Amino acid sequence: MVVSTILVRRMPQAPCRTPLRRRCAMWRVGVIQYHHVFDMRWERHSMAKDGITARSKDYSQWYLDIVREADLADYAEVVRGCIVFKPTGYAIWEGIQSGLDARIKETGHVNAYFPLLIPKSFLMKEAEHVEGFAPEVAEVTHASGEELTEPYVIRPTSETIIGYFYAKWVRSYRDLPILINQWANVMRWEMRTRPFLRTAEFLWQEGHTVHATEQEAEEETLMILNDVYADFVEKEMALPVFRGLKTDSEKFPGALRTYCIEAMMQDGRALQAGTSHNLGQNFAKAFEIQFTDQSNTVQTAWTSSWGVSTRLIGALIMAHSDDDGLVIPPRLAPIQTVVVPIYKNDAEKAVVMEAVARITAEWKGKIRFKIDTRDHLSPGFKFNEWEVKGVPVRIEVGPKDVEKGSVAMARRDVPGREGKSFVPQEGLTERIVALLEEIQAALYQRAVAFKESHTRSVSTYAELKEAIETGFAYCWWAGDGDDEKRIKEETRATIRCIPLDQPGGTGTCVYTGKSATKMVVFARSY
RNA sequence: CGGGGCGUGGCUCAGUCUGGUAGAGCGCACGGUUUGGGACCGUGAGGCCGGGGGUUCGAAUCCCUCCGCCCCGACCA
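Residues numbered from 1 in each chain as written. Chains lettered and ligands numbered in written order. Predicted model: local features only at pLDDT ≥ 70, side-chain atom pairs only at ≥ 80, totals over all residues. Heavy atoms only, no water.

Considerations on the overall build of chain A
Item 1. Within chain A, the regular secondary structure consists of 16 helices and 25 strands.
Item 2. Over its C-alpha atoms chain A spans a radius of gyration of 26 Å, differing by no more than 12% from the 24 Å that the globule rule assigns to 526 residues.
Item 3. In terms of overall dimensions, chain A has C-alpha extents of about 85 × 60 × 50 Å along its principal axes.
Item 4. Contacts in chain A between residues at least 24 apart in sequence constitute 70% of all its contacts with a sequence separation of at least 6.
Item 5. Summing over all exposed atoms, chain A offers an accessible surface of approximately 23900 Å²; the carbon and sulfur share of this is 52%.
Item 6. Computed over 66 positive and 71 negative side-chain charges, the separation of the two mean positions in chain A equals 5 Å. (Helix = DSSP H or I, 4+ residues; strand = E, 2+ residues; numbered from the N terminus. Rg over C-alpha atoms; globule rule 2.2 N^0.38 Å. Contact = heavy atoms within 4.5 Å. Areas by Shrake-Rupley, 256 points an atom, 1.4 Å probe, with all protein chains shown as cover. Lys, Arg positive; Asp, Glu negative; His and termini not counted. Charge placed at Lys NZ, Arg CZ, Asp CG, Glu CD.)

As structure tokens, then:
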């Protein structure tokens, strides 16, 4: 098993001002003696921060630049395919965890924890499951210097080990339903890795439930998709999603049906933001999860599983950030407001800091904030740094503000001076709280507008090919798995989902020309 | 795993073709002047040139071989 990992070589120390732009195509190609000339032109016309490639130039490099410049992750170059979640990146994950955990618990689930290692034989019990995961499973064969009689695999997902225990725990219909979630790390040895989007080890939550009837399992699967995942991603992450059903070729190995939410990134590609599987009786049969019903008949149970991962951090970055750096929706921002005090000498500092203390006194519990008291950095440097790091609101307090009873307030979703205004200190707390909500809403609206303007209804294959160059294609579909495969080979696009929300009626299949009853979403995906 | 690129102070790179024992900018440390959109001057610290083998009087440089990273593709949360 071999995978390739991730390491950004171009990793300048935090924000810095280099005399030559590293990624300016002009000088790269360029004539050496004119470097400085090109550099000055570039400087004047580019709003981009140092070290961040423009999205329009190289989207994938832009993503890596944001991860590095916003200090979200480090590359674990000594462990293939893995990253370190640095404090800022992990704090975003903690925000995701708390929003999801609350919803998971509100809908009746409880947390538990199952082993990292799974007997290899467990994985073999469900035919599709083995086939689906075999290529990406890491195996533990030795311990204490000796070969194990039965190797373990490091969990790529936990249906099998949890299935084993559920079989042990379930005896009667009175034991049902079982509604358990676990927060865990899993390992999938991938061919190609990208920080947050795809790494060998990642963090996630996986819910595993057992039900007495098929209908109850189906209701659970859909409830998680709508009330937990879509609700969280749209409200907290400010990311609109398509909710839908996966086609057979895209569904989870071992599932009866897989539902998903799909989000659109700024390059028009789709990112699966969450999945919820109705596992039918596949795992229940393989692990003999059985119960005695009211009429004393032994029945096989129905199970579901569902998960979202640290990949959501990648979605967050790619959906909202800009060429100036990270943009985090206020509800998920670890720091919602940063205060930059401005002063020239000790006398001014004393006055300004006194005002800052007074202004922020009532923020506790209302705003997550930080006061940037670093003395050796200029205010301008700090403005840029906090913009790169995506803090939604910045408050500047200087001697003039103290005099006038004002502060400067800047919003990250409108970068640079345009997003800056001077407001009175009086009523500032309420003003900031309101602005945070406004930014949250604005980011969502912007994402909705982007998604809508980049989703095209298409009726011919030629139109489909064109649409997926810039976004999603929405069309009638009556093809099969082979048709999907051919389209994928020809266009690199796949059916992301069959939306739950269907127009009804019939149409002509975009590919086969047959009469179709369902509309689907095609896109290239991450 | 295929095709392409790459690995030199913390970071970005020059030096490799044409072997002679390592440089720049940024960052970092100290001192001073600065501070409302990425400040400046001075002084200084920091590198077994990804690892291992070979050729050679001598290897960052040539040869072999591992390892790792980036881009494109196939596989995937």
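The structure having been displayed, the exposition proceeds.
Things to note about the packing of aromatic side chains
Item 1. Going through the model one piece at a time under the given rule, you end up with 19 aromatic pairs.
Item 2. Seen from their ring centres, Tyr164 and Phe165 are 5.0 Å apart, and the 90° between their planes marks the pair as edge-to-face.
Item 3. Centroid distance Trp363 to Phe369: 5.2 Å. Interplanar angle 85°. Geometry classified as edge-to-face.
Item 4. Members of the aromatic cluster, joined through ring pairs, are Phe114, Phe122, Tyr164, Phe165, Tyr166, Trp169 and Phe287. (Phe/Tyr/Trp six-rings, centres within 6.5 Å; stacked < 30°, edge-to-face > 60°.)

Examining the sheet that holds strand 18 (residues 406–411)
Item 1. Here five strands make up an open sheet; going across it, the order is 16-15-17-18-19 and the pairing mixed. On the outer flanks of this sheet lie strand 16 (369–371) and strand 19 (420–424), each paired with one strand and no other. Averaged over all neighbouring strand pairs, the angle between strand axes comes to 25°, with direction disregarded.
Item 2. Examined bridge by bridge, strand 17 (residues 393–397) and strand 18 share four bridges and lie antiparallel to one another. Each bridged residue has a counterpart across the sheet, and for Ile395 the counterpart in strand 18 is Met409.
Item 3. The strands touched by helix 11 (residues 346–360) within the sheet are strand 15 (337–341), strand 16, strand 17 and strand 18, with strand 15 carrying the most contacts at an inclination of about 160°.
Item 4. Across the sheet, helix 12 (residues 379–388) is in contact with strand 15, strand 16, strand 17 and strand 19; its angle to strand 15 comes to roughly 170°. (Pairing = 2+ DSSP bridges. Axes fitted to C-alpha atoms, helices over the stretch in contact; angles between N-to-C directions.)

Digging into unusual backbone geometry
Item 1. A cis amide bond links Leu176 to the next residue, Pro177, at an omega of -5°.
Item 2. Located in the positive-phi region is Phe196, a residue other than glycine, with phi close to 70°.
Item 3. A relative accessible area of 2% means that Phe196 is categorised as buried. (Buried < 20%, exposed > 50% of the residue type's maximum accessible area, 1.4 Å probe, protein only.)

Describing the sheet that holds strand 8 (residues 201–211)
Item 1. The mixed open sheet is built from eleven strands, whose spatial order is 3-7-8-14-11-10-9-22-25-21-20. Edge positions in the sheet fall to strand 3 (110–111) and strand 20 (455–457), since each has one partner strand and no second.
Item 2. Across three bridges, the pairing between strand 22 (residues 494–499) and strand 25 (residues 518–523) is antiparallel. Counterpart to Cys497 in the pairing with strand 25 is Val521.
Item 3. Contacts from helix 7 (residues 159–169) reach strand 7 (178–187), strand 8, strand 11 (270–280) and strand 14 (302–309), with the element oriented near 30° to strand 8.

Re the domain arrangement of chain A
Item 1. The domain architecture assigned to chain A consists of domain 1 (25–84), domain 2 (87–320), domain 3 (337–438) and domain 4 (455–523).
Item 2. Across the interface of domain 1 and domain 2, roughly 1500 Å² is buried in total on both sides, 69% from carbon and sulfur atoms.
Item 3. Among the residues domain 1 hides against domain 2, the three largest losses belong to Tyr59, Tyr63 and Leu72. Together they make up 45% of the total.
Item 4. Our count for the contact surface shared by domain 1 and domain 2 stands at zero salt bridges. (Domains from an automatic or database assignment. Buried area = accessible area lost by both parts, 1.4 Å probe. Salt bridge = Lys/Arg side-chain N within 4 Å of Asp/Glu carboxyl O.)

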